[in-house]
Amino acid sequence: MAIQVKTETAPVQEKIWTKDFAMVCSANFFIFLGFQMTLPTLPLLVQELGGTDQIIGLITGIFTLSSLLFRPYAGHALETRGRQFIYMLGLAIFVISVGSYAIIPSIMLLFVMRMVQGVGWGLSTTATGTIATDLIPQARRGEGMGYFGLSGNLALALGPTLGLALVGRLSFFQLFLIIGSLGVVSLILATRINYKKVEALPNKSTTVKFDVFEKSAVKPSILLFFVTTTFGGVASFLPLYTEQRGITGIEYYFLLYALALLLSRTFSGKLYDLKGHIAVFLPGAVLVILAMVTLFWLPGSWALYLAGILYGLGFGSIQPATQAWAINSAPANRRGMANATFFGSFDLGVGAGAMIFGAVASSLGYNFIYLFAAGFVVISMLIYIYLIVKNGRNG
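Residues numbered from 1 in each chain as written. Predicted model: local features only at pLDDT ≥ 70, side-chain atom pairs only at ≥ 80, totals over all residues. Heavy atoms only, no water.

K.L.:
With reference to specific residues and values, describe the overall build of the protein.
P.N.:
Each helix and strand in the protein was counted, giving 12 helices and zero strands. If you list the helices and strands of the protein from N to C, you get α-α-α-α-α-α-α-α-α-α-α-α. For the protein, whose C-alpha radius of gyration is 21 Å, the value lies close to the compact-globule estimate of 21 Å for 395 residues. Counting only C-alpha atoms, the protein reaches 85 × 45 × 45 Å along its principal axes. Evaluated residue by residue, the protein yields a buried proportion of 58% over its 395 residues. Intrachain contacts of the protein at a sequence separation of at least 6 include 86% that bridge at least 24 residues. As displayed, the protein has an accessible area near 16700 Å², and 67% of this comes from carbon and sulfur atoms. Charge separation in the protein, taken as the distance between the mean sites of 25 positive and 15 negative side-chain charges, equals 6 Å. (Helix = DSSP H or I, 4+ residues; strand = E, 2+ residues; numbered from the N terminus. Rg over C-alpha atoms; globule rule 2.2 N^0.38 Å. Buried < 20%, exposed > 50% of the residue type's maximum accessible area, 1.4 Å probe, protein only. Contact = heavy atoms within 4.5 Å. Areas by Shrake-Rupley, 256 points an atom, 1.4 Å probe, with all protein chains shown as cover. Lys, Arg positive; Asp, Glu negative; His and termini not counted. Charge placed at Lys NZ, Arg CZ, Asp CG, Glu CD.)

Here's what the structure looks like:
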């Protein structure tokens, strides 16, 4: 008689790459492409309109702060008004505001439209992060958020380089019309997504308490705040810094940075799912510090390229891990607010960094921006170590 041997089959993993997930990634790519094209070109527009380094910092800061103010509304509205309404509204506001840069005549009007752009950005990015988390299986959320982040990283690989290439060949009118049209493409793609319906909460009271953050997402969001101050220094002042130093190849810095981000996201999300944030955060923070110190030193183009690679590997490891940490810590019905809290800290970090570093540049010079930025990342590491020691566990 034949003996039957019972074999166990490995559990089938739930799919990440569905049609809807591909659509939200595509829509995210085009809106981020437009956004990234503005990062190195808007300071040039400010200069043409007669602005100073401090004005550049303020214009960057007012954008991120207006975005921050509207994220709590976006987080609540995602759970009450639905994902699609908030996402489409945010994209539409972004398109109108960026398109207006084509005809902006003064610094004052630029301030106003940057605030409007921040509103659109706050609504759309809070929504798209929540939509993505709806579509990703929980057991693969770190990996899935890493893939979702690739859409923004691909845009980063192309956006700054494309923006710098076009600004030398086209007028600002033509440039910002092109950027606005990319937002229109994102809007069209967003209409093809099947959105999760808002579920009524059990025992929901008739009085809605409006809060401004999700408390379970606060720890990773605070850490992200200190790390993203570095982004304010890079995005706002690095093109001007390299021009002052006579160092060429700024477009290759952004390309190498983005490629390093792509590389880090292919493994950091999986590493988070397997080992937790303790395996990702501190190594990523060390890489970011090394990048900032290299920019402070900056003896030539080779150091610029090395800094781009280090920064991409470090930041690309930290961002998806802290986002997955924030989302997984929140109740299912609070994912919108968790994303709002997380991206709010991102906005606040970039805005605060740009404003602080604008003053640093005026007083001490561009190079000291990156020494101060390294100090902010050291603070994030100290806070993280304190949290780990206090909790005595990875969670």
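What follows picks up the thread again.
K.L.:
How would you summarise the nonpolar core if you had to cite specific residues and measurements?
P.N.:
Phe-176, Tyr-253, Met-292, Leu-295 and Tyr-311 are the most contacted members of the largest nonpolar core, which totals 123 residues. Apart from the residues lying within four places of it in its own chain, the contact partners of Tyr-253 are Val-234, Leu-238, Leu-295, Leu-304, Tyr-305, Ala-307, Gly-308 and Tyr-311. (Core = buried A, V, L, I, M, F, W, Y, C linked by side-chain atoms within 4.5 Å.)

K.L.:
So what's going on with the packing of helix H9 (residues 281–297) against helix H10 (residues 301–328)? Residues and values would help.
P.N.:
Interhelical geometry of H9 versus H10 gives an angle of 155 degrees and a closest axis separation of 8 Å. Classed by the angle they form, the pair H9 and H10 counts as roughly antiparallel. Considering the relative orientation of H9 and H10, their crossing is left-handed. Contact residues: H9 offers Phe-281, Gly-284, Ala-285, Leu-287, Val-288, Leu-290, Ala-291, Met-292, Thr-294, Leu-295 and Trp-297, while H10 offers Trp-302, Ala-303, Leu-304, Ala-307, Leu-310, Tyr-311, Leu-313, Gly-314, Phe-315, Ile-318 and Thr-322. Among the residues making up the contact of H9 with H10, the classes are represented as 18 nonpolar, four polar and no charged. (Axes fitted to C-alpha atoms, helices over the stretch in contact; angles between N-to-C directions. Parallel < 35°, antiparallel > 145°, perpendicular 65-115°, else oblique. Left-handed = near helix turned anticlockwise from the far one by under 90°. Nonpolar A, V, L, I, M, F, W, Y, C, P; charged D, E, K, R; others polar.)

K.L.:
How would you summarise the confidence of the model for the protein if you had to cite specific residues and measurements?
P.N.:
For the protein, the mean per-residue pLDDT works out to 85, and 92% of the residues sit at or above 70. H9 holds the highest mean pLDDT among the elements of the protein, 96, whereas helix H5 (residues 141–167) holds the lowest, 81. The model gives residues 1–11 a pLDDT under 50, and that stretch makes zero contacts with residues more than four places away or in other chains. A low-confidence stretch, residues 204–208 stays under pLDDT 50, and its non-local contacts, those more than four residues away or across chains, total zero contacts. (pLDDT = per-residue confidence, 0-100.)

K.L.:
Account for the packing of helix H1 (residues 19–48) against helix H4 (residues 107–135), naming residues and giving values.
P.N.:
A pair of packed helices can be characterised by two numbers: the angle between their axes and the separation between those axes. It is the contact of H1 with H4, at a shortest axis distance of 11 Å, that shows an interaxial angle of 155 degrees. Of the possible angle classes, the one that applies to H1 and H4 is roughly antiparallel. For the pair H1 and H4, the crossing hand works out as left-handed. Each of Asp-20, Phe-21, Val-24, Asn-28, Ile-31, Phe-32, Phe-35, Leu-42, Leu-45 and Val-46 in H1 lies in contact with H4, whose residues at this interface are Ile-107, Leu-110, Arg-114, Gln-117, Trp-121, Thr-125, Thr-128, Ile-131 and Leu-135.

K.L.:
Now, about the side chain of Glu-214: what can you tell me, with residues and values included?
P.N.:
Structurally, Glu-214 is set in the loop between helix H6 (172–190) and helix H7 (218–245). For Glu-214, a relative accessible area of 7% corresponds to the buried category. A polar contact is formed between the side chain of Glu-214 and the side chain of Arg-334, at a distance of 2.6 Å. (Polar contact = N/O pair within 3.5 Å; in protein donor to acceptor, adjacent residues only side chain to side chain.)

K.L.:
An account of the pattern of salt bridges is needed here, citing residue identities and associated values.
P.N.:
Taken as a whole, this structure holds four salt bridges when the rule is applied. The partner of Lys-19 in a salt bridge is Asp-20, and the shortest N-O contact between them spans 3.6 Å. We note a salt bridge from Arg-83 to Glu-79, for which the minimum N-O separation is 3.1 Å. For Arg-83, a relative accessible area of 3% gives the class buried. (Salt bridge = Lys/Arg side-chain N within 4 Å of Asp/Glu carboxyl O.)

K.L.:
Could you give an account of the environment of Tyr-272, with specific residues and numbers?
P.N.:
Here Tyr-272 is to be found in helix H8 (residues 250–275). Sequence-wise, Tyr-272 and Ala-354 are 82 residues apart; in three dimensions their C-alpha atoms are separated by 30 Å.

K.L.:
Describe in detail unusual backbone geometry, supporting the description with residues and values.
P.N.:
Backbone geometry places Leu-298, a non-glycine residue, at a positive phi of 40 degrees. On the basis of relative accessible area, Leu-298 is assigned to the buried category, the value being 2%.

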